[in-house]
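A structural walkthrough
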Amino acid sequence: MACLDKQSDDLVFFVNGKKVIERKADPEELLLYYLRKELRLSGTKYGCGVGGCGACTVMLSTYDPVVKKIRYLTAQFSFTPQRHHPANSCLLPICSLHGAAVTTVEGVGSIKNRINPIQERLAKCHGSQCGFCTPGMVMSIYALLRNHVKPSMEQIISALDGNLCRCTGYRPIIDSYASFAKEQTCCQLRGTGQCCLEQEELGCSSSAGVRIRSGLCNPAEFLPVDPTQEFIFPPELMRMAQEQQGKTLIFCSKRTTWISPSSLKELLELKAKHPKAPLVVGNTSLGLNKNDCDAYHPIVLHPLRIPEMQVVSITDDGIVIGATCCLAQLRDILIETIPKLPEEKTKIYQALLQQLRTLAGEQIRSMASLGGHVVSRGSAWDLNPILCAGKSVLNLASDGGKRQIFLDDQFLAGHKHADIEPKEVIVSVLIPYSTKDEFISAFRQAERQKNAFSIVNSGLRVLFSPGTDTIVDLSILYGGIGSTTFSARKSCEKLIGRQWNDQMLSEACKLVLEEISLPPSASGGKVEYRRTLLVSFLFRFYLEVLHGLHQMYPFRYSELSQDKMSALGVLQSGVPQGVQLYQDVDPGQSPQDPVGRPIMHQSGIKHATGEAVFIDDIRPVDGELSLAVVTSMKAHAKIKSIDISEALQVPGVINVVTAKDVPGKNGNDEEEAFAKDKVICVGQIICAVVAETLTQAKRGAKKVKIVYEDLQPVLTIKDAIEHNSYITEERKLEKGDIEKGFKSADKIIEGELHMGGQEHFYLETNSVLVIPRMEDKEMDVYVSTQHATDVQKLVASALNLQSNKIMCHTKRVGGAFGGKITKPSFFAVIAAVAANKTGRPVRFALERNMDMLITGGRHPFFGKYKVGFMKDGRIIAADFQCYINGGCTKDESELVIEYIVLKVDNAYNIPNLRVRGHACKTNLPSNTAFRGFGFPQAGLFVETCIVAVATKTGLPHEKVREKNMYRGVNRTAFKEEFDAENLWKCWKECLDKSDYHSRNAKVEEFNRKNYWKKKGIAIIPMKFSVGFNATYFHQAGALVHIYLDGSVLVTHGGIELGQGIHTKMLQIASRELKIPLSYIHFCETSSTTVPNGKYTAGSVGTEINARAVQDACQILWKRLDPIRRKNPKGKWEDWISEAHKKSISLSATGYFKLCDKHGLGNKERPCIPIFSLWSCLF
Ligand SMILES: Cc1cc2nc3c(=O)[nH]c(=O)nc-3n(C[C@H](O)[C@H](O)[C@H](O)COP(=O)(O)OP(=O)(O)OC[C@H]3O[C@@H](n4cnc5c(N)ncnc54)[C@H](O)[C@@H]3O)c2cc1C
Ligand code: FES
Ligand code: FES
């Protein structure tokens, strides 16, 4: 719909202190895409697009002309207002920004201008690996520090609630920011009295005589914090807000009109005229549908400038909160109000506060409104059950007047008589005080404590007859078990009049389970678990109320016994603590030699400033097209027809590319790039639509019509076994005499283990940019991959070209974890075929939902075991059957099952062992390499057996482990010889350093004393071999150039995935050429400089490439020998200049290969062994 009867207003906001005027603002445009595509600010990243990862975090500053303060405060509250807040730009419509100031990571600091201490400390404290999440981390802390110059550690941790990192682990990130905290807590070594940042030496490890250090950087070198350097709120925006107070703002595009009324009256008139128009406040609920490009709203109302909807007041009945107040604001109000009120009045507020502390992340809490939360009524929304149990009241208004309704279960169920009318809006919510005889509790259980939707949540309230435990009123509400919050109303009615005792509890549990139907097929799964949670919450409430009754009437009601007290209260995770120790370099090592020292990631600062360029950050090139794929909706089916005619009619669509357009080979021997006649999994790519913009390509993709003929799918491991559907032959390994072993065992146990799969969730989704060159059909392929050689090979073969025409480039990859070994080649083929067909550059950056749909992950596992053991815990025979769900193609499944078979013994020497492995072929997206490459499945499987043996024998788990661990010099089942000395060294050191035995004793004592809550502790040895089965995979190349000014360019075949491989290569080059790191640069991994690189994986990428770099540098150093000898006191630059004059080549290739499978090398080319790494999981 075009603009109603008015012209569109100019949208005015500031980004990083610069004014932005958008004359044709599109209400559907979201800030993230606007920043990246229009303003070319690519530091703000796309990670998920739905508010879940924090990679897109920016800071928003707003100004409220009514109270003449930066917004975020209320007329009646005196607390210091927060003036700036973090927000997920992926959900923020640009039209909501009129009058706001946006700060992105580029505005915080840059290498070009000045880096901010927040960026510097994160980089120097090693808080980034791949760096894709890093700008988001910086922005969350920046927003916090703009509001609290000296925050507490709890505030720092809470500020990062909404930011995910898949590489680094959160400890270094939190440590980086500990230096900003008001309480100067030591970041890593709390308890020891030493601070890691002080770089104290911790003395010598007595056993090896090596010096152990902590401390990764020198805090004395940190830039000081200087708030005066930050942007001020633009005075122009303050003036504008004053001037436009009474003005209605309208922004419109072809499809949508955005109206921001300035008064409640106007809003109500608009709502009467457009009853279907949504009120967009945080857009955190409505915005989740944005992937459906057909779903849009012709009119959108934005009520954020309406004072009545921002009101916060304390009345005689309770606290009234304006509907547009955000959840962070609600939290802050409650934090301020609760201590000021009598405790008995605050029970509902305390329950709300408890949920608000873990609900979503700070960005969502700062955007999501109370009104939006109430109206959108998501099944897992956490506040609605308590608001309902606490008898909250909605203050509604429409052009017909005002009214109040209860936020009750009828409202939450959406019953028409209890719902708000289409033309009504919620102006505010009255949250009443609790009373003396009332108890209210809230519970939520999610997959992790913060930033995860509840699996089940609950709001429970009971009102007793004064001075008694007779129930007068009872509310039991659950979220997460249906399409919206569910009330166990009938159960509650039956319990009125009952005493609060054990009989009532049993009855209540029975009634609730009867009333709430959760059939085995209930959507969301986890049915048994959810049913357990229903009664668990009820039980926790029961105990809390008993405890409360005793507190109120100690002589009438007895206290819970001591062993039950630990069931009360909230689990507090506190400030995480960790220690990072490393072996110091030899005291004799030259101070200039960086090898072995904790050098900051070569791109660390660029990660933190957002200047590190990932594939989708590359600026659009001339004529570039965007690509969207059409994927299979069927798990197994014949393709009867593909109709692209409608797609071609969509404005902006240039072409549709199918298997027919592939000039060469459509994929490889195992897998098609475009499905041709048949689809073998949901998510398989069938064709691709290329268009001028991504939105147009997506619209086009929706118009492609595919007719299928269904075939029988095989989905699970069980199905595959039944259908004898396997990817490869059985893999089998035998050692000793298994039957004899079982015969001599004291006992035999059998069991099974089922293990689900896992998503890689690399923060950077798969991305590729293909640019055809003008000559000879050459193509540049910029791709986020672990295996550039495979990309080159597959693209060349698809285009029927020689590999020498395809130039692959990878500067860095935003996380991979095995997920970017095989699939990126296919994505590159899709884009390259499209580029070949259209003759234009093509960008294919997958959205998260598509990436997750198309790609596989970790293999689901099923294992059967039969274990024979002696009374003392020794396992003397084991028969293992292992199955993985490989999905629809071979991919890496053959190797993964081989690794499982080889690694399933873990650290245990089982004398009689038989392992059989099967990779099942099913109609799921192909599962692939994933961190650990089969070991996590194998390890869990064998540890399950150890636990089963320990349980049967009654021995402590660690004793059974010790009994079975390899000792002395041994041979594995696959006949590799190795010495278990290090395994035992590592084991004993872990037992000792962790103080395992005394902590275990404390755990046991706690568990003895506590009936409900239990603690646990475990120590598990681990043998993990790195590298590949095929020896030729352990080869690597490098190319080192020395330029005439003495600067050095290092290239090698390894790919930067966040592990810091380039940093390490520069360290090696620095050592070998004896020049400072500042002389050496790494540009990119490219097939044009170092050909035929193997994939960077298997934990050996650094080791093999380092040897190649070392080789190249040593060659160069040798060449410089005569020059150096002639002028030993000369400078590096002099030698280089002289060498050039003497026609000595200043460029060398280096090469490394593993000589044989036992790692035996020769003097010229020493080889690395295939390592066995030992460690203990604790
Ligand atoms: C990543 C993520 C994580 C989340 N995690 C949690 C969580 O852990 N726990 C939890 O409880 N919730 C969670 N949420 C949900 C969040 O609480 C809700 O999305 C939010 O409260 C909705 O508010 P909003 O202002 O963004 O609504 P919007 O999306 O702006 O609007 C939602 C709906 O409400 C209507 N509406 C808004 N205001 C009014 C009004 N005043 N009168 C009438 N109608 C109105 C709109 O018309 C629209 O239909 C999460 C959301 C996201 C995106
Ligand atoms: S939260 Fe916005 S991209 Fe993930
Ligand atoms: S460094 Fe955080 S996701 Fe890679």
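Moving on, we get to the overall build of the chain. Along its length, the chain carries 34 helices and 46 strands. A compact globule built from 1178 residues would reach a C-alpha radius of gyration of about 32 Å, and the chain, at 32 Å, matches this within 12%. With the C-alpha coordinates aligned to their principal axes, the bounding extent of the chain is approximately 90 × 80 × 70 Å. Of the roughly 49300 Å² of accessible surface on the chain, 53% is carried by carbon and sulfur atoms.

In the neighbourhood of ligand 1, 34 residues make up the surrounding shell, with Leu279, Thr284, Leu286, Ser369 and Asp382 lying closest. A distance of 2.9 Å is found between an oxygen atom of ligand 1 and a backbone nitrogen or oxygen belonging to glycine 282. Alone, ligand 1 offers 980 Å² of accessible surface; in the complex the protein occludes 94% of this. Elements that contribute at least two residues to the shell around ligand 1 include exactly helix 12 (370-376) and strand 17 (425-432). Among the elements that line the shell around ligand 1, the one with the most residues is helix 12, at four residues. Each residue belonging to the shell around ligand 1 can be placed in one class, and the counts come to 22 nonpolar, 10 polar and two charged.

A few words on the sheet that holds strand 18 (residues 438-446). Taken together, four strands build an open sheet; the order of strands is 18-19-20-21 and the sheet is antiparallel. Where the open sheet ends on each side, the last strands, each with one partner, are strand 18 and strand 21 (486-487). Sheet analysis places strand 18 next to strand 19 (residues 454-464), joined by nine bridges and oriented antiparallel. Each residue of the ladder has a partner; that of arginine 444, found in strand 19, is asparagine 457. Contacting strand 18 and strand 19, helix 10 (residues 347-358) runs over the sheet at an angle of about 10° to strand 18.

Moving on, we get to the pattern of salt bridges. For side chains of opposite charge, pairing can occur when their charged atoms come near one another. For the structure on display, the rule yields 62 salt bridges. As a salt-bridge pair, arginine 843 and glutamate 624 come within 2.6 Å of each other at their nearest N and O atoms. Taken together, the residues arginine 843 in strand 34 (residues 842-845) and glutamate 624 in the loop between helix 18 (604-609) and strand 23 (625-631) connect sequence positions 219 residues apart. The shortest N-O distance in the salt bridge between lysine 823 and glutamate 671 comes to 2.4 Å. Residue lysine 823 is found in helix 24 (residues 823-838), and its partner glutamate 671 is found in the loop between strand 25 (653-657) and strand 26 (678-679); the two are separated by 152 residues along the sequence. Its relative accessible area of 10% is what places lysine 823 among the buried residues.

Either a parallel or an antiparallel arrangement is found when strands of a sheet pair, and the pairing is made through backbone hydrogen bonds. Pairing in this open sheet of five strands is antiparallel, and the strands run 13-14-17-15-16 from one edge to the other. Of all the strands in the sheet, just strand 13 (312-314) and strand 16 (401-406) have a single pairing partner and so form its edges. Along the sheet, successive strands turn relative to each other by an average axial angle of 20°, direction set aside. Sheet analysis places strand 14 (residues 318-322) next to strand 17, joined by five bridges and oriented antiparallel.

Our next topic: the packing of aromatic side chains. Applying the stated rule across the entire model yields 29 aromatic pairs. Taking 6.0 Å as the distance between ring centres and 50° as the angle between the ring planes, the aromatic pair formed by phenylalanine 13 and tyrosine 34 counts as tilted. In this pair, phenylalanine 13 is assigned in strand 1 (residues 11-15) and tyrosine 34 in helix 1 (residues 31-38), connecting sequence segments 21 residues apart. Here phenylalanine 13 matches tyrosine 34 in class, with each residue buried. Taking the centre distance of 5.7 Å and the plane angle of 20° together, the rings of tryptophan 381 and phenylalanine 453 count as stacked. One end of the pair, tryptophan 381, is in the loop between helix 12 and helix 13 (383-389); the other, phenylalanine 453, is in the loop between strand 18 and strand 19, and 72 residues separate them in sequence. A relative accessible area of 18% places tryptophan 381 in the buried class.

Further remarks concern the confidence of the model for the chain. The predicted model of the chain has a mean per-residue pLDDT of 92, with 94% of residues at 70 or higher. In the model, residues 78-82 has pLDDT below 50 throughout and makes 16 contacts with residues more than four positions away in sequence or in other chains.

For asparagine 927, the location among the structural elements is in the loop between strand 37 (912-920) and helix 27 (935-953). Asparagine 927 gets classed as buried once you look at its relative accessible area, which sits at 7%. At 2.8 Å, the side chain of asparagine 927 and the backbone oxygen of asparagine 885 are in polar contact. Residues in contact with asparagine 927, not counting those within four places in the same chain, are Gly856, Gly857, Arg858, His859, Pro860, Asn885, Gly886, Gly887, Asp891, Glu892 and Ser893.

So, about the side chain of lysine 820. Along the chain, the position of lysine 820 falls in the loop between strand 33 (806-810) and helix 24. The class for lysine 820 is buried, based on a relative accessible area of 0%. At 3.2 Å, the side chain of lysine 820 forms a polar contact with the side chain of serine 784. Every residue in contact with lysine 820, bar those within four places of it in the chain, is listed here: Tyr762, Glu764, Thr765, Asn766, Ser784, Thr785, Gln786, His787, Val813, Gly814 and Gly815.

So, about unusual backbone geometry. Positive phi outside glycine occurs at phenylalanine 933, with the angle close to 45°. You can see phenylalanine 933 is positioned in the loop between strand 37 and helix 27. Despite not being glycine, lysine 975 shows a phi value in the positive range, around 70°. Residue placement: lysine 975 occurs in the loop between strand 38 (969-971) and strand 39 (977-979).

All right, on to helix 10 then. Turn by turn, an α-helix covers 3.6 residues, leaving residues three or four places apart pointing in a common direction. Judged by how many residues are buried, helix 10 sits mostly within the fold: nine of 12 residues are covered. The complete set of buried residues in helix 10 reads Lys347, Ile348, Tyr349, Ala351, Leu352, Leu353, Gln355, Leu356 and Thr358.

What follows deals with the packing of helix 9 (residues 327-337) against helix 10. Packed helices, taken two at a time, are described by their axes: the angle between them and the distance between them. Remark: helix 9 packs on helix 10, axes separated minimally by 10 Å, with the N-to-C direction vectors making an angle of 135°. Considering their axes alone, helix 9 and helix 10 lie oblique with respect to each other. The two elements helix 9 and helix 10 cross, and the hand of that crossing is left-handed. Listed contacts from helix 10 to Leu327, Leu330, Arg331, Leu334 and Ile335 of helix 9 are Tyr349, Leu352, Leu353, Leu356 and Arg357.

As a further point, take the pairing of strand 17. In regular strands, side chains alternate between the two faces of the sheet. Most of strand 17 sits out of view: eight of its eight residues are buried. Inspection of the sheet shows strand 15 (residues 393-398) paired to strand 17 by five bridges, in the antiparallel sense. For leucine 394, the partnering residue across the bridge sits in strand 17 and is valine 429.

The rules behind these values
- Residues numbered from 1 in each chain as written.
- Chains lettered and ligands numbered in written order.
- Predicted model: local features only at pLDDT ≥ 70, side-chain atom pairs only at ≥ 80, totals over all residues.
- Heavy atoms only, no water.
- Helix = DSSP H or I, 4+ residues; strand = E, 2+ residues; numbered from the N terminus.
- Rg over C-alpha atoms; globule rule 2.2 N^0.38 Å.
- Areas by Shrake-Rupley, 256 points an atom, 1.4 Å probe, with all protein chains shown as cover.
- Near = heavy atom within 4 Å.
- Polar contact = N/O pair within 3.5 Å; in protein donor to acceptor, adjacent residues only side chain to side chain.
- Nonpolar A, V, L, I, M, F, W, Y, C, P; charged D, E, K, R; others polar.
- Pairing = 2+ DSSP bridges.
- Contact = heavy atoms within 4.5 Å.
- Axes fitted to C-alpha atoms, helices over the stretch in contact; angles between N-to-C directions.
- Salt bridge = Lys/Arg side-chain N within 4 Å of Asp/Glu carboxyl O.
- Buried < 20%, exposed > 50% of the residue type's maximum accessible area, 1.4 Å probe, protein only.
- Phe/Tyr/Trp six-rings, centres within 6.5 Å; stacked < 30°, edge-to-face > 60°.
- pLDDT = per-residue confidence, 0-100.
- Parallel < 35°, antiparallel > 145°, perpendicular 65-115°, else oblique.
- Left-handed = near helix turned anticlockwise from the far one by under 90°.

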